[in-house]
Amino acid sequence: VFERGGGRDGFVSIEVSPTVAHSTGETVAMARDLHRRCNRPNVMVKIPATPEGVAAIETMVSEGANINVTLIFSVQRYEEVVEAFFSGLEKLASRSGNVARVNSVASFFVSRVDTKVDALIDERLAGGVSDDTKRGLEAIRGTIGIANSKMAYQRFLSLHSGARWEALERAGAVPQRCLWASTSVKDPRYPDTMYVDNLIGSATVDTMPEATLEALEDHGSIRDRLGTDLDGARAHLGLMQLCGLSLDQVSNDLEREGVAAFEKSYRDLERALTDAARALAG
């Protein structure tokens, strides 16, 4: 796929240990090691978008590495990620590096936003609220993940335009695509292709588990929706705030929980590999 697509698709990601997600230096060191050891043009090193990770992303892009920026939840953090990507490309270009060979994606975890917000909605409703607030909370159930992604995509379009981006583009740079991750539906009340049907747009990637991919092939709707009903998306985000829920707080909590979950999975894998190696040695 990488060869047939001229180097624009067919990438495989390999992840920096989440145990170093809050250390820029350790993240850079491990990212460099993975990049060097893999030594393949279609490998992306995956770095979580913690504040420390964002700084590491700039360094790695400036060294010509492909980077998958993972665990993005907020538009504000996404803007920091794009800034790191642009700055890294500019540093690479200033050293006569080949910016055309650098590929990157900014990965948003979509369904996790709705899972968190829906849980907060249930808590608020269980505690008793006014009729107006109840109607507002019910109206935003299952809508914030897609609304947030649509706003992020609008920032993608605006950031990848103008004089700064055009200068990079003339040097051969390709856009850092938005990637929609966590696209399986966690609540059976929602359509099983909800996070795919509504997030199709130019210069984007959607990663799907097998069941979601099969559902898409069976009954999905393939048309560009990312740029549609933006007023509705803004209205849902505004209503969330009016109902007393903070998307910033949700994003911060999800980032912290995401790193912890990744770390647990990573340590479980390390233990499994260690146990298997010992058994083989025996």
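Residues numbered from 1 in each chain as written. Predicted model: local features only at pLDDT ≥ 70, side-chain atom pairs only at ≥ 80, totals over all residues. Heavy atoms only, no water.

A. View of the pairing of strand S4 (residues 104-109). Across the 6 residues of S4, 6 count as buried, placing the element largely inside the fold. Burial of the side chains of S4 extends over both faces: Ser104, Ala106 and Phe108 are buried on one face and Val105, Ser107 and Phe109 on the other. In this structure, strand S3 (residues 67-72) lies alongside S4, joined through 4 bridges in parallel fashion. Its bridge partner lying in S4, Ile72 is registered against Phe108. Inspection of the sheet shows S4 paired to strand S5 (residues 177-181) by 5 bridges, in the parallel sense. Within the sheet, the bridge partner assigned to Ala106 lies in S5 and is Cys178. (Buried < 20%, exposed > 50% of the residue type's maximum accessible area, 1.4 Å probe, protein only. Helix = DSSP H or I, 4+ residues; strand = E, 2+ residues; numbered from the N terminus. Pairing = 2+ DSSP bridges.)

B. Structural detail: a negative patch on the surface. Taken together, the side chains of Asp192, Glu210, Glu214, Glu217 and Asp218 define an acidic patch exposed on the protein surface. Here Asp192 lies in the loop between S5 and helix H8 (194-197). (Patch = residues over 30% accessible without salt bridge, like charges linked within 9 Å, V, L, I, M, F, W, Y side chains within 5 Å. Areas by Shrake-Rupley, 256 points an atom, 1.4 Å probe, with all protein chains shown as cover. Salt bridge = Lys/Arg side-chain N within 4 Å of Asp/Glu carboxyl O. Lys, Arg positive; Asp, Glu negative; His and termini not counted. Charge placed at Lys NZ, Arg CZ, Asp CG, Glu CD.)

C. How the structure looks around the packing of aromatic side chains. If you walk through the whole model with that rule in mind, you get 8 aromatic pairs. Taken together, a centroid distance of 5.2 Å and an interplanar angle of 55° make the contact between Tyr78 and Phe108 tilted. Of this pair, Tyr78 sits in helix H3 (residues 75-94) while Phe108 sits in strand S4, placing them 30 residues apart in sequence. For the pair Tyr78 and Phe108, a shared accessibility class is recorded, and that class is buried. One aromatic cluster is present, formed by Phe73, Phe109 and Phe262 through successive ring pairs. (Phe/Tyr/Trp six-rings, centres within 6.5 Å; stacked < 30°, edge-to-face > 60°.)

D. Inspection of the sheet that holds S4 at higher detail. Strand order in the open sheet made by the 6 strands is S1-S2-S3-S4-S5-S6, with parallel pairing throughout. The sheet is open, and its two edges are formed by strand S1 (12-15) and strand S6 (204-206), each paired on a single side. Geometrically, the sheet is characterised by an average inter-axis angle of 30° between neighbouring strands, direction not taken into account. Together, S1, S3 and S4 form the strand contacts of helix H11 (residues 247-281), whose direction differs from that of S3 by roughly 120°. (Axes fitted to C-alpha atoms, helices over the stretch in contact; angles between N-to-C directions. Contact = heavy atoms within 4.5 Å.)

E. Just the layout of surface pockets, in detail. If you add up the space inside the largest pocket, you get close to 320 Å³. In terms of lining residues, the largest pocket is bounded by 20 residues, among which Ser13, Asn68, Leu179, Val205 and Thr207 are the most central. Elements with a minimum of two residues in the lining of the largest pocket: S1, strand S2 (43-48), S3, S4 and S5. Here the lining of the largest pocket is built from residues that sort into 9 nonpolar, 6 polar and 5 charged. Looking at the second largest pocket, its volume works out to about 230 Å³. Around the second largest pocket sit Phe2, His35, Asn39, Arg40, Pro41, Glu63, Gly64, Asn66, Asn98 and Arg101, which together line it. Residues of the lining of the second largest pocket, tallied by class, amount to 2 nonpolar, 5 polar and 3 charged. (1 Å grid on protein atoms, 1.4 Å probe; cavity = no way out; pocket = protein on both sides within 12 Å on 5 of 7 lines; lining within 4 Å. Points joined across faces, edges and corners; volume = space filled by probe spheres on them. Nonpolar A, V, L, I, M, F, W, Y, C, P; charged D, E, K, R; others polar.)

F. Spotlight on the side chain of Thr133. Following the sequence through the fold, Thr133 ends up in helix H5 (residues 131-140). Once residues within four sequence positions are removed from consideration, Thr133 is found in contact with Arg124 and Cys243.

Read these as geometric descriptors, not functional statements.
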